[in-house]
Amino acid sequence: MAEAHSAVAFSFSITHEGWDINYDREVLDLVWQSGVRSWKKRLARFRTGVRNGVYPAHLQSLWLVIAIAVGLHFTQRHVPFDLVNKWLSVLPGDSLQWQLTACSLAGLIVWLSICYTMRYSLKLLLMYKGWMYEKRAPGSRVSLQTRLWGLFVKVLATWNKPGLYSFQGSLPRLPLPSVQDTMQRYLRSVRPLLDDSNYNRMERLAKEFEQGISTKLQRYLFLKSWWSTNYVSDWWEEYVYLRGRGALMVNSNFYGIDAIFMHPTKVQSARAASVVNLLLQFRRTVERQELEPILVQGLVPLCSWQYERIFNTVRAPGVETDKIIHYQDSNHIVVLYRGCYYKVIIYHNGRLLRPCELQIQIEHILQQSEEKPQPGEELLASLTAGDRTKWAQIRQTVFAKGVNRTSLHTVESAAFVLSLDEKPFEFDLAHPEKLDQFGRYLLHGNGHDRWFDKSFTVCVGSNGRIGFNAEHTWADAPVMAHVWENIVADEATNKRYDENGNTVGIPEFEPPTPKRLTWDLNDKVALVAIDEAHIAAQKLLNDVDLRILVHDAYGKGLMKTCRLSPDAFIQMALQLAYYRDAGKFSLTYEASMTRLFREGRTETVRPCTIESAAWVKAMLDSNVSVMTEDRVRLLNEACERHQLGYQDAMCGKGIDRHLFCLYVVSKYLEIDSPFLQEVLSEPWRLSTSQTPHGQTAKMDLKKHPNCISAGGGFGPVADDGYGVSYIVAGEDLIFFHISSKRSCGTTSSERFAQEICRALADMKHLFEEYRSLQKKNPSNGTKSDKPQAK
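Residues numbered from 1 in each chain as written. Predicted model: local features only at pLDDT ≥ 70, side-chain atom pairs only at ≥ 80, totals over all residues. Heavy atoms only, no water.

Trainee: For this particular structure, what's the right way to read the UniProt feature "active site" (unreviewed entry) in the chain?
Mentor: UniProt records the feature "active site" (unreviewed entry) at His-472, using the numbering of this structure. Residue position: His-472 is located in the loop between strand 14 (466-470) and helix 17 (477-493). With a relative accessible area of 18%, His-472 lands in the buried category. Discounting chain neighbours no more than four positions away, the residues touching His-472 are Tyr-241, Ser-252, Asn-253, Phe-254, Ala-477 and Arg-601. (UniProt positions renumbered as here; feature names shortened; annotations may be inferred. Helix = DSSP H or I, 4+ residues; strand = E, 2+ residues; numbered from the N terminus. Buried < 20%, exposed > 50% of the residue type's maximum accessible area, 1.4 Å probe, protein only. Contact = heavy atoms within 4.5 Å.)

Shown next, in the form of structure tokens:
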């Protein structure tokens, strides 16, 4: 227990000679600084909370309104509603002091009335979603209604510079669709997947549900939509994520990759120090709400609620359900190296450590080559990769007290975890398997070198390349992509390394030495549990078939010349590739955001539609009677339908979240619905997601074309399906992250990657052939108002 005693800052004992008091001045000083920093943050949060509460009005305008009230009163003019005199009638006197007090109170009431009028006016304006459906292709005209709406929004929302959470009170609630509309959209979405007899059966089930218990379920959901901030998000987080008992690794967590065309330094400690410093700076901008909220088209704000839990957050396991724990502050990170855990202090002398000072700490850890993991320590993180119930049970016993509890709390309360890998993260266009391995390192590592419960783990290869592994419950991928994009842009635009690859700058002091965490895992129960979790993790990660496809034949440049949305274009390519690979259509998932609404997360777009199926069949029809013009027309119709489905999903008119919430209500009421049970059990054999970029104004791809990230990916959702994440990385580049399971005999990530390349090549050839025909016969044109890229 020597290490436990050394961690105590203050202790005393009673002997026959009297009191014996011992204290560590340095530790007490750290405690004092931590408390001061915590109170400063509380005051800052209060101040920004007041500012956000009155936005879009300006906090300083209060003094102007009070001054006007004073001027009106002392010039014998009445303040509106004679508020000053009404206040004087209830105040103790009418002296100059009390008159000024009455003027201040009257001014405050008038000012608050103006603030809330502006706020709710902005909220009413943001409820309008007609702008989403306006065509913006060359030659299209925006309606007068949308132009006037945009003018009013701009006047209200941009005259006062907003903070990160300034728009939260003005964002509308997620609307609840009618059951009838959802049923119509659902039946249309499954039509290409079912033959006539099965479709008629599903139509009958849907009709019985709509005319039966749906009325009661919808009534309860309607009450929830008005009572709660968002009728979906809390249930989605609880039942889709926190109550899941399966492993987080591969099944839930996702990863992100470095900007692979940049390699600013090969010094592992320098790159790690720089990234840690940039992440902590980003944390500070979030805490101070200095980060600008994302505005769609520079006008419409997205909900920033998810940013609150980026740092200092962990998903703690529970026997039946996990919970998200967010710590208000953390003055350390935890570094994982060679199976050993180190606590690294990131504040000293009242400020954040600079990259050159952080590098000293990280080099100290890398130099501990003689340090050996304690019994059970090396495989400890396997517990976070395995079954959640087993991890919770061990946590309640082995980690309930003593050094285990202290060390576990240190890991879970850290700002984030940094993993220093002993292997290089490599990229070479001539050897695609290296990038595949890069992705595997980030998705699951070796099963015990990532703390999968933390909001994210930063991974640094031995050659200085970086990536991350992120837990999914606390936020969706675009938020973590924003964080990562900010790091990439900062490293591209600022000089952070010298000619030797080390961080620039001279340390002002010797930074605090990293402290090795200690564990007591000699207990047989603990060692058995860790070993079982390790075996399960190895089985899971060895089953992953990951392929990262670098498609450089063309990118969004060609897609725009086709006057089609790049996202719709790629989704149609995936439909064609999947049909060739599987010989059939399948239920397809594409993630869309609902952050136009308060606390919005995601909605499902269903890219497999009647129109997409018709186009795929036309592409595979060898009959010469199927003309090129017909295929182009069908592709345009399929892309338009996909674009409409995406717009509907973003505007709260989706299918799947509504059905999910109806299902939750039915379970609470203990009502069985054959329709809902069948819908919610349908497997997503093709699960897709587009990684967004361009979320930070720092990134200028014209000046720094190589600073685009390669995106990231996730594991397959279905045992016999594919997980496909893609990022349109430039005019001539697309990255596809394709995952499947080796144990499935019908899927192959490599084969599917080849089919994607083939489908994209066929689509390019289709439009080249079409343009050639157009030159020969210009009269055979198709519609000119194609959807523009979103």
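Trainee: Help me understand the sheet that holds strand 19 (residues 686-690), please; the structure alone is not making it clear to me.
Mentor: Within a sheet, each strand pairs with its neighbour through backbone hydrogen bonds, oriented either parallel or antiparallel. With respect to topology, 6 strands assemble into an open sheet ordered 16-22-21-19-17-18, the strand pairing being mixed. The two strands at the open ends of the sheet, each matched to only one other strand, are strand 16 (544-551) and strand 18 (602-605). In this sheet, neighbouring strand axes are inclined to one another by 20 degrees on average, regardless of whether the strands run parallel or antiparallel. Across 4 bridges, strand 17 (residues 588-593) lies against strand 18 in antiparallel orientation. Note that in strand 18 the partner of Glu-590 across the bridge is Val-605. (Pairing = 2+ DSSP bridges. Axes fitted to C-alpha atoms, helices over the stretch in contact; angles between N-to-C directions.)

Trainee: In this structure, what is going on with the side chain of Gln-361? I would like to understand it.
Mentor: With respect to the helices, strands and loops of the structure, Gln-361 is situated in helix 12 (residues 355-366). Looking at Gln-361, its side chain comes within polar contact range of the main-chain oxygen of Pro-512, at 2.8 Å. Each residue touching Gln-361, except ones within four places of it in the same chain, is listed here: Val-344, Ile-345, Leu-353, Pro-511, Pro-512 and Pro-514. (Polar contact = N/O pair within 3.5 Å; in protein donor to acceptor, adjacent residues only side chain to side chain.)

Trainee: What is the right way to read the nonpolar core from this model?
Mentor: Nonpolar side chains tend toward joint burial in soluble globular proteins. Formed by 148 residues in total, the largest nonpolar core has its most connected members in Tyr-307, Phe-416, Leu-418 and Phe-675. Among the elements that take part in this core, helix 11 (residues 268-287) stands out by supplying 9 residues, more than any other. Ranked by size, the runner-up nonpolar core spans 44 residues in total, among them Phe-569, Leu-574, Val-724 and Tyr-726. (Core = buried A, V, L, I, M, F, W, Y, C linked by side-chain atoms within 4.5 Å.)

Trainee: Explain the sheet that holds strand 15 (residues 515-516) here, please?
Mentor: Here 8 strands make up an open sheet; going across it, the order is 15-9-8-12-13-14-3-20 and the pairing mixed. On the outer flanks of this sheet lie strand 15 and strand 20 (712-714), each paired with one strand and no other. Sheet analysis places strand 12 (residues 417-420) next to strand 13 (residues 456-460), joined by 4 bridges and oriented parallel. Looking at strand 13, one finds that Val-417 is bridged to Thr-457.

Trainee: Which parts of the structure should I look at to understand a nonpolar patch on the surface?
Mentor: Taken together, the side chains of Leu-108, Leu-112, Tyr-116 and Tyr-120 define a hydrophobic patch exposed on the protein surface, amounting to about 350 Å² of accessible area. Examined against the element boundaries, Leu-108 turns out to sit in helix 5 (residues 96-126). Residue Leu-108 is classed as partly exposed on the basis of its relative accessible area, which comes to 33%. (Patch = residues over 30% accessible without salt bridge, like charges linked within 9 Å, V, L, I, M, F, W, Y side chains within 5 Å. Areas by Shrake-Rupley, 256 points an atom, 1.4 Å probe, with all protein chains shown as cover. Salt bridge = Lys/Arg side-chain N within 4 Å of Asp/Glu carboxyl O.)

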